[in-house]
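Examining the three-dimensional arrangement
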Amino acid sequence: MVKCSSVLALYFNVAFESLQFRVIRFILGPPFTHLRTPCKMVYFGETSCEQETERYLDTLKYVFSAYERDVPLIINTMGWVKGAGLLLLIDIIRLLSPSHIVQISTDSSKDMPQLSPEYTHSSTGLHTKGKEPLKCRNLVSGTEDLEPCRVRGDFRPPHSGHKLLRIQPEFPGAGIAGDGRTHSSVLRDMAVLAYLGQLQPSGMELVLPLHSLVPYQVPFNAVSIKVIHTDVAPAHILYSVNASWVGLCQVPDEVQCKADGPVLLTHTPICDCLGFGIVRGVDMDKKLYHILTPVAPENLRLVNCLLIGNIPVPNCVFLNQPGIEGEIPYVTSEYNYGISGAGKLKMKKHLKRGEHIRP
């Protein structure tokens, strides 16, 4: 066994909104208990990549390109392993070519196939096609056997692939969604709150509400903006920016200044994310964004793009604002979900792509 002073971890689980590289040590606990500044990060802006699988793979390639292969790399993939999720996982395995795959199986995942080299080699992915199984040539007759080539003795086919390590947890309740399982949205809110906790002044016992903290003032023409998860009319873009969780990013292109309004991007960039923040307000007269963020000033100078995704600010941030008389800013109870289109659309996850439906 080779001893290493550090190990890199690559997080491809968009349930926590971004894809990132980190240097890890032996740590236990949910993500909000051990926040670390990643070596490289991209803000995906969605908690699921089901509707954005191509952008997800492009983002994965961008983050993985930063790996210099000088230390071991552990890759944490998504828990979405049914339907299109399994097909996407096959694409990821082909793309990254890991040396080992650790497959944790539970009673609730009995139907999931073993991710053996033969299976990932021949199976069709979401965006890639499988290849024919390797054939063995009969040295006597000179013909190819119809059965896939099997390992005999010391012989192994070229590019035999990864080594599969299967783990079957035996402790009670393993893999069962019950009271002991915390929903991903709760863990995500806790991670956001832990990140915002870095804004609190050190040495104070009381927690200051966000409206008591001094924000950064960012001119409209200093950053470009883009709403990732939906199309927004240019006239309404600042409504979506206000009071939103944003990724503070750096795009390679210079911001094209626009004196009479915000600078809008026409496409979603795949670029470095230097941290996150909350747009606490928008000053239309002075054309300024007011942003709260714990990102260091030397890194903020590199930010030239704000990405707005489908990641909500936890409700408690808005509801717990002491010292405010009358209506609480950004909070309303007069919302009629009975109006057609007022509620969130439900995704039909049971529908399959046409190319994966067998006649």
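Residues numbered from 1 in each chain as written. Predicted model: local features only at pLDDT ≥ 70, side-chain atom pairs only at ≥ 80, totals over all residues. Heavy atoms only, no water.

1. What about the overall build of the chain?
Check the secondary structure of the chain and you find 7 helices and 15 strands. Counting across all 359 residues of the chain, residues that qualify as buried make up 35%. With an accessible surface of roughly 23,600 Å², the chain has 54% of that area assigned to carbon and sulfur atoms. (Helix = DSSP H or I, 4+ residues; strand = E, 2+ residues; numbered from the N terminus. Buried < 20%, exposed > 50% of the residue type's maximum accessible area, 1.4 Å probe, protein only. Areas by Shrake-Rupley, 256 points an atom, 1.4 Å probe, with all protein chains shown as cover.)

2. A closer look at the nonpolar core
By size, the foremost hydrophobic cluster in this structure holds 42 residues, and its most contacted members are Y43, L196, L210, W245 and Y289. With 20 residues, the next largest nonpolar core counts L8, F12, Y56 and L88 among its residues. (Core = buried A, V, L, I, M, F, W, Y, C linked by side-chain atoms within 4.5 Å.)

3. Structural notes on the pairing of strand 11 (residues 245-250)
Within strand 11, 5 of the 6 residues are buried, which leaves the element mostly enclosed by the surrounding structure. The pairing of strand 11 with strand 13 (residues 272-283) spans 6 bridges and is antiparallel. Pairing of V246 across the sheet is with G277, part of strand 13. Pairing analysis gives 4 bridges linking strand 11 to strand 15 (residues 305-308), with the strands arranged antiparallel. Note on strand 15: the bridge partner recorded for V246 is I308. (Pairing = 2+ DSSP bridges.)

4. A closer look at the pattern of salt bridges
What the rule picks out here adds up to 2 salt bridges. The salt bridge involving K40 is made with D272; its shortest N-O contact spans 2.8 Å. Of this pair, K40 sits in strand 3 (residues 40-43) while D272 sits in strand 13; the two residues are 232 residues apart in sequence, bridging distant segments of the chain. Owing to a relative accessible area of 17%, K40 belongs among the buried residues under this scheme. Look at D272 and you get partly exposed, because its relative accessible area is 22%. (Salt bridge = Lys/Arg side-chain N within 4 Å of Asp/Glu carboxyl O.)

5. Concerning the environment of Y119
Within the element layout of this structure, Y119 appears in helix 3 (residues 117-122). A relative accessible area of 25% places Y119 in the partly exposed class. Between the alpha carbons of Y119 and G130 there is a distance of 9.0 Å; along the sequence they are 11 residues apart. The contacts of Y119, once residues within four sequence positions are left out, are L86, I90, P113 and Q114. (Contact = heavy atoms within 4.5 Å.)

6. Some words on the packing of aromatic side chains
Tallied over the entire structure, the rule returns 7 aromatic pairs. When the ring of F44 is compared with that of Y56, the centres are 6.0 Å apart and the planes differ by 85°; the resulting orientation is edge-to-face. Of this pair, F44 sits in the loop between strand 3 and helix 1 (53-64) while Y56 is found in helix 1, placing the two residues 12 residues apart along the sequence. Through pairs of rings, three or more aromatic residues link up here, namely Y43, Y195, W245 and F276. (Phe/Tyr/Trp six-rings, centres within 6.5 Å; stacked < 30°, edge-to-face > 60°.)

7. Points about the sheet that holds strand 12 (residues 263-264)
Strand order across the open sheet formed by 7 strands is 9-14-13-11-15-10-12, with mixed pairing between neighbours. Lying at the two open borders of the sheet, with one neighbouring strand each, are strand 9 (216-219) and strand 12. Summarising the sheet, strand 9 and strand 14 (residues 288-292) pair through 4 bridges and their orientation is antiparallel. Bridge pairing in strand 14 links V218 to Y289.

8. Thoughts on the packing of helix 1 against helix 2 (residues 84-96)
With their axes 12 Å apart at the nearest point, helix 1 and helix 2 run at an angle of 25° to one another. With respect to helix 2, the axis of helix 1 lies roughly parallel. Considering the relative orientation of helix 1 and helix 2, their crossing is right-handed. In this structure, helix 1 contributes T53, Y56, L57, L60, K61 and F64 to the contact, and helix 2 contributes L88, D91, I92, L95 and L96. Residues that form the contact of helix 1 with helix 2 fall into these classes: 8 nonpolar, 1 polar and 2 charged. (Axes fitted to C-alpha atoms, helices over the stretch in contact; angles between N-to-C directions. Parallel < 35°, antiparallel > 145°, perpendicular 65-115°, else oblique. Left-handed = near helix turned anticlockwise from the far one by under 90°. Nonpolar A, V, L, I, M, F, W, Y, C, P; charged D, E, K, R; others polar.)

9. Section: unusual backbone geometry
Positive phi, normally seen in glycine, also occurs at A243, with a value near 60°. Counting through the fold element by element, A243 comes out in the loop between helix 5 (237-241) and strand 11. If you check the backbone angles, K287 has positive phi at about 55° while not being a glycine. Structurally, K287 is set in the loop between strand 13 and strand 14.

10. Considering a nonpolar patch on the surface
Residues V102, I104, L165 and I167 make up a contiguous nonpolar surface patch of about 340 Å² in total accessible area. Residue assignment for the nonpolar patch shows that the elements contributing at least two residues are strand 5 (100-104) and strand 8 (163-167). Summarising the element assignment, I104 is placed in strand 5. (Patch = residues over 30% accessible without salt bridge, like charges linked within 9 Å, V, L, I, M, F, W, Y side chains within 5 Å.)

11. Here we look at helix 2
Along an α-helix, residues three or four apart share an orientation, since each turn contains 3.6 residues. With 13 residues, helix 2 should reach 18 Å at 1.5 Å per residue; the first-to-last C-alpha distance of 18 Å fits that figure. Looking at helix 2, one finds that the buried residues are G85, L86, L87, L88, L89, I90, D91, I92, I93 and L96. For helix 2, the secondary structure elements touched by its buried residues are helix 1, strand 4 (73-76), strand 5 and helix 3. Of the residues flanking the end of helix 2, it is S97, one or two places downstream, whose phi is positive at about 50°. (Expected span 1.5 Å × (residues − 1).)

That is the geometry; function is a separate question.
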